[in-house]
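Per-entry structural report
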Amino acid sequence: ENNANVPNTKVRKQTRAVVALMRESRGRAGHFLFMEDDFIMCPHAIRAMSYITTKAHAYRPGGWSGIRISYGLCGIIINDSDV
């Protein structure tokens, strides 16, 4: 596990957990939000995300890949069809 291009055991375990969560959530909502459990959302975050996704569907009715609303992997909204 010394190769910089090969993820270590911890990273592989986290990746498997994210994939399992995505598979379990598929079909349960219109969108999927990547968000870590230690991030605190502002009081109007849900309203803002609803506005953003509504605008994205209006501007790109054929679909869009994702919307970044924060930093890193945290704060990415994707369509459920892409999960």
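Coordinates for the structure precede this section.
The following refers to the structure shown. Predicted model only: the values in this text are computed from it and were never measured.

**Details of the sheet that holds strand β1 (residues 31–34)**
What holds strands together in a sheet is hydrogen bonding between their backbones, with the strands either parallel or antiparallel. If you walk across this open sheet you meet the three strands as β1-β3-β2, and the pairing is antiparallel. Edge strands, defined here as strands with exactly one partner in the open sheet, are β1 and β2 (67–68). Direction of pairing for β2 relative to strand β3 (residues 76–79): antiparallel, over a ladder of two bridges. Directly across from I67, in β3, lies its bridge partner I77. Seen against the sheet, helix α1 (residues 9–25) touches β1 and β3 and runs at an angle of roughly 155 degrees to β1.

**Comments concerning the pattern of salt bridges**
According to the stated counting rule, one finds one salt bridge in the structure shown. With its nearest N and O atoms 2.9 Å apart, the salt bridge here joins E24 to R28.

**Brief notes about the side chain of T53**
As for its position among the elements, T53 is in helix α2 (residues 45–59). Here the side chain of T53 touches S50 through a polar contact of 3.1 Å, landing on its backbone oxygen.

**Some words on the environment of I69**
Looking at the secondary structure, you find I69 in the loop between β2 and β3. By relative accessible area, I69 is classed as partly exposed at 35%. Measuring from C-alpha to C-alpha, the distance between I69 and I52 comes to 9.3 Å, with 17 residues separating the pair along the chain. With near-sequence residues (within four places) excluded, I69 lies in contact with L33, M49, I52, G75, I76 and I77.

Reading the values: the criteria
Residues numbered from 1 in each chain as written. Predicted model: local features only at pLDDT ≥ 70, side-chain atom pairs only at ≥ 80, totals over all residues. Heavy atoms only, no water. Pairing = 2+ DSSP bridges. Helix = DSSP H or I, 4+ residues; strand = E, 2+ residues; numbered from the N terminus. Contact = heavy atoms within 4.5 Å. Axes fitted to C-alpha atoms, helices over the stretch in contact; angles between N-to-C directions. Salt bridge = Lys/Arg side-chain N within 4 Å of Asp/Glu carboxyl O. Polar contact = N/O pair within 3.5 Å; in protein donor to acceptor, adjacent residues only side chain to side chain. Buried < 20%, exposed > 50% of the residue type's maximum accessible area, 1.4 Å probe, protein only.

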